[in-house]
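# Breakdown of the fold
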Amino acid sequence: MDIDKKTQFGVINITSDAIAQVASNAAGQCYGVVGMAHKRSIRSEINELLKNENFSKGVFVTKRKDSFEVDIYIVVGYGLKITEIASAVQKKVKFDLERTFNMTFAAINIYVQGIKNI
C-alpha cells in the first residue's frame, strides 16, 4: 500500500514501511517504552522484544476509506503507569507522523503486549 501525494514539486510516493519506520522511531523515544513487540507475540506466547533494526515490525499501517490507521505494539517497563505511557506514545507518534508526511491520520492505536522489568 503506497500513498501518492501531489505537491508543487511533483508526485511523492510514501510507502507503508516509511510510515512504520517513523512511527516506531517516535514510539521508541518515549519514556517507559522498553521495546516493540510483534502483533502475534501474545498468541504464540512468545513475548520477544524486537531489536532496534526490526522496530518497524511492531507497527502496522492500514488504509481506511480516505484515511490511515496505525497500530503500534509496545512493551512497557514494570512499575510505570501504562495509561500515561500509552497516551504519551500516541501523542508523540501522531505528532511525528503528521509533521513528517504533512497529512492527517485517523487513529493511532497503542497495544501493550507486555511488561518487562527494567
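For clarity, every value in this text was computed on a predicted model and none was experimentally measured. (Residues numbered from 1 in each chain as written. Predicted model: local features only at pLDDT ≥ 70, side-chain atom pairs only at ≥ 80, totals over all residues. Heavy atoms only, no water.)

### Considering helix 2 (residues 82-101)
For helix 2, with 20 residues, the first-to-last C-alpha span of 28 Å sits near the 28 Å given by 1.5 Å per residue. Within helix 2 the residues assigned to the buried category are Ile 85, Ala 86, Val 89, Val 93, Asp 96, Leu 97 and Phe 101. Considered in projection along helix 2, the buried side chains sweep an arc of 110 degrees and stay on one side of the axis. Exposed side of helix 2, more than 90 degrees from the buried face: Thr 83, Glu 84, Lys 91, Phe 95 and Arg 99 are the residues found there. Tucked into the core, helix 2 has its buried residues touching strand 1 (2-7), strand 2 (10-15), helix 1 (16-28), strand 3 (33-36), strand 5 (68-77) and strand 6 (107-116). Residue Asn 102 follows helix 2 closely and has a positive phi angle near 55 degrees. (Helix = DSSP H or I, 4+ residues; strand = E, 2+ residues; numbered from the N terminus. Expected span 1.5 Å × (residues − 1). Buried < 20%, exposed > 50% of the residue type's maximum accessible area, 1.4 Å probe, protein only. Arc of directions from axis to C-beta. Contact = heavy atoms within 4.5 Å.)

### Focus on the packing of aromatic side chains
With the rule as written, the count across this model stands at three aromatic pairs. Here Phe 60 and Tyr 73 contribute two aromatic rings whose centre-to-centre distance is 5.8 Å and whose plane-to-plane angle is 80 degrees, an arrangement assigned as edge-to-face. Pair noted here: Phe 60 is in strand 4 (residues 59-63) and Tyr 73 is in strand 5, with a separation of 13 residues, a long-range link. With centroids separated by 4.8 Å and ring planes inclined at 15 degrees, the aromatic side chains of Tyr 73 and Tyr 111 adopt a geometry described as stacked. Placement of Tyr 73 in strand 5 and of Tyr 111 in strand 6 is noted, with a sequence separation of 38 residues between them. You can call Tyr 73 buried: its relative accessible area is 7%. Among the aromatic residues, those joined into a cluster by ring pairs are Phe 60, Tyr 73 and Tyr 111. (Phe/Tyr/Trp six-rings, centres within 6.5 Å; stacked < 30°, edge-to-face > 60°.)

### A closer look at the confidence of the model for the chain
Counting all residues, the mean pLDDT for the chain is 84, and 85% of those residues have values of 70 or more. Averaged pLDDT values for the elements of the chain fall to 76 in strand 1 and rise to 96 in helix 2. (pLDDT = per-residue confidence, 0-100.)

### Some points on the packing of helix 1 against helix 2
Orientation of helix 1 relative to helix 2, taken along the N-to-C sense of each, is 140 degrees, at an axis distance of 9 Å. Of the possible angle classes, the one that applies to helix 1 and helix 2 is oblique. Of the two possible hands of crossing, helix 1 and helix 2 adopt the one that is right-handed. Seen from helix 1, the contacting residues are Ala 18, Ile 19, Val 22, Ala 23, Ala 26 and Ala 27; seen from helix 2, they are Val 89, Lys 92, Val 93, Asp 96, Leu 97, Thr 100 and Phe 101. Broken down by class, the residue content of the contact of helix 1 with helix 2 amounts to ten nonpolar, one polar and two charged. (Axes fitted to C-alpha atoms, helices over the stretch in contact; angles between N-to-C directions. Parallel < 35°, antiparallel > 145°, perpendicular 65-115°, else oblique. Left-handed = near helix turned anticlockwise from the far one by under 90°. Nonpolar A, V, L, I, M, F, W, Y, C, P; charged D, E, K, R; others polar.)

### What about the pairing of strand 6?
Direction of pairing for strand 5 relative to strand 6: parallel, over a ladder of nine bridges. Paired with Asp 71 across the bridge in strand 6 is Asn 109. Of the crossover connections in this fold, the one passing from strand 5 over helix 2 to the parallel strand 6 is right-handed. (Pairing = 2+ DSSP bridges. Right-handed = clockwise from strand over helix to strand, strands pointing away.)

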